[in-house]
Amino acid sequence: MKLTYKIDFNSTNSYYKDIINDLIKEFEVNATCVQYRSFLAINIDEEEEKLEAFFKFLESKLPLSIFLGKSSVVDNIEDSFEPLANNDEQQNIAISADEIMDIYQNSANFNTEAKAIKSGEIVTVKTSNGLKKVAIPSLKNRITLGEDVNLMVINLNAINNLLAVNQRDIQLLSSIERPLVKLKFNILRNSEKEYSNTNFVNTKLPDDTVSYELATALRKEGIDFVIYTEESSENDLEVTYNDEQALIVRGDKALFPKYDYTLNERFDSSKEYFEKNGGVYKATLSQLNKRLEKSIGVYMSTQSYESSIGVNVPGKGIKEIIKIPNVMTDFDICMEDIEGIDENTERLIKNYKEKFPEIFESKPLLEGTHGFETILNLTAHMIGLRDANELESKAHEFSAKSGLDVAYKVAKIDDVNYLDYRKVVQSIMSYKIAGVENNMLAFSVFESLSEFIVDQVMKINSELKCRDVILCGDMFANSILLSKTQKELKTLKVLLPKEYPLDII
């Protein structure tokens, strides 16, 4: 019996094809796995009984992947699809399930380190991706480790006790790429900020031999979770998702080195890839094969100077319509800018200083920030929050379906249209002084930004008359912003990167 089994796979890296071909050899079935640009095809010629047994075997042995999509039996693969040539780039992916089981059953390593961690020490271990500093969760340990603390799940059976997770979250965590997934704490957990400075934490499972050996020793000590920081050779992938697909926010591990079949070139990192393509938006156009078609592009980044809403018109190139300003990082200058809007704003700031003097006794975290991060850090500070991360965390605590209308407006300076960040902060301050709760204010920041994006896209398209709008940049990792933007742009085809990250590191 001959058949072709097609598996959607949104990556051209070959490790998943290699795993399938190894399983074919192990089962001794007459089959081959061939990789194409967006899918894998397993061609089989076997008796029905052995064929059914092989698919049960595959189901039990194949790992999950963030790039996997739907699968189905097809009559054949059309001649218009060309198999990918072999390019043996080795990605740093997780060890196999059989190796993991062997470690859990037989490893006797890292017992001393596990006991030290249990006693409260911070222990450094060398993994395949660099040095990890590991500790049990406590406020003291988290502060000692520094700002970028992640959570490693030692006992997956205990995860529901700590974090609010669904099946999709577990699938992403368990995928062979072992990404970081931002997850929310259950009510009353992280009450002492021992895991994270906000109500969310980037979470992952062990991925290599060393981290699984350490996890095995820690489980013997009754430890379910540890916090860690890493001096890594490659940044872990940070992954989120929408209804249609997994979205890589940023990162390199398990993705690079990578051979790009459009450019016929090898890249060692996302930074190298994006720079070669002239930036994130241009790279996304190339990925989606939209360079020669009219489209609207929305690039919203927390760290880039290049955030904008623009258009791509064949023959004319890319034109920015609205730019996100690179705001001055001096708090006093920002206040002078906002104060200069009109006499009402001058009065607002005076009243604000009287009602919330503590806000003006410290400086917001602006130094070294760019683009939206500066705007969001400033906005967070003005409502009494630490930074953009806490602003986002508060936004997700808001339970109603809609918030307030934050004034996202356009200002023309030297014939260039800019988002007027001053109006955003002014608007938030007006609501705050009127007594609006912080979680509603935070939610409204992102909801109103989505409304601004939708309004500007539809206004541009009234003249451009295109079908596609492309969203990229790590701002769209925010589920409030992404879901509301996608929902309101339903008359257009909304496209997001599938194979590469949303943004540069």
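See the structure above.
One structure accompanies this document, and this report is about it. No experiment lies behind these values; they were computed from the predicted model shown. (Residues numbered from 1 in each chain as written. Predicted model: local features only at pLDDT ≥ 70, side-chain atom pairs only at ≥ 80, totals over all residues. Heavy atoms only, no water.)

1. Focus: the environment of S450
Here comes step 1: One can find S450 in helix α17 (residues 438–464).
Here comes step 2: For S450, a relative accessible area of 3% translates into the label buried.
Here comes step 3: Along the backbone, S450 and K484 are 34 residues apart, and their C-alpha atoms lie at a distance of 6.2 Å. (Helix = DSSP H or I, 4+ residues; strand = E, 2+ residues; numbered from the N terminus. Buried < 20%, exposed > 50% of the residue type's maximum accessible area, 1.4 Å probe, protein only.)

2. Some words on the packing of helix α12 (residues 343–355) against helix α16 (residues 421–433)
Here comes step 1: Where α12 meets α16, the axes come as close as 11 Å, and the angle between the chain directions of the two elements is 50 degrees. On the basis of the axis angle, α12 is oblique to α16. Handedness of the α12/α16 crossing: left-handed. Across from T345, L348, I349, N351, Y352 and K355 in α12, the residues of α16 making contact are Q426, M429, S430, K432 and I433. (Axes fitted to C-alpha atoms, helices over the stretch in contact; angles between N-to-C directions. Parallel < 35°, antiparallel > 145°, perpendicular 65-115°, else oblique. Left-handed = near helix turned anticlockwise from the far one by under 90°. Contact = heavy atoms within 4.5 Å.)

3. Some points on the pairing of strand β5 (residues 123–127)
Within a regular strand, the side chains alternate between the two sheet faces.
Here comes step 1: A one-sided burial pattern is seen for β5, the buried positions being V123, V125 and T127 and the unburied ones T124 and K126.
Here comes step 2: Across five bridges, β5 lies against strand β6 (residues 130–135) in antiparallel orientation. Note on β6: the bridge partner recorded for V125 is K132.
Here comes step 3: Here β5 hands over to β6 after two residues, the two strands then running antiparallel side by side. (Pairing = 2+ DSSP bridges.)

4. Description of the packing of helix α1 (residues 15–27) against helix α2 (residues 48–61)
Here comes step 1: Across the interface, α1 lies against α2 with an axial gap of 11 Å and an inter-helix angle of 130 degrees. Judged on the interaxial angle alone, α2 and α1 are oblique. Where α1 crosses over α2, the handedness of that crossing is right-handed. Side by side, α1 and α2 meet where L23, I24, E26 and F27 of the first sit next to K50, A53, F54, F57, L58 and K61 of the second.
Here comes step 2: Of the residues assigned to the contact of α1 with α2, the class counts are seven nonpolar, no polar and three charged. (Nonpolar A, V, L, I, M, F, W, Y, C, P; charged D, E, K, R; others polar.)

The analysis is restricted to geometry; functional conclusions fall outside its scope.
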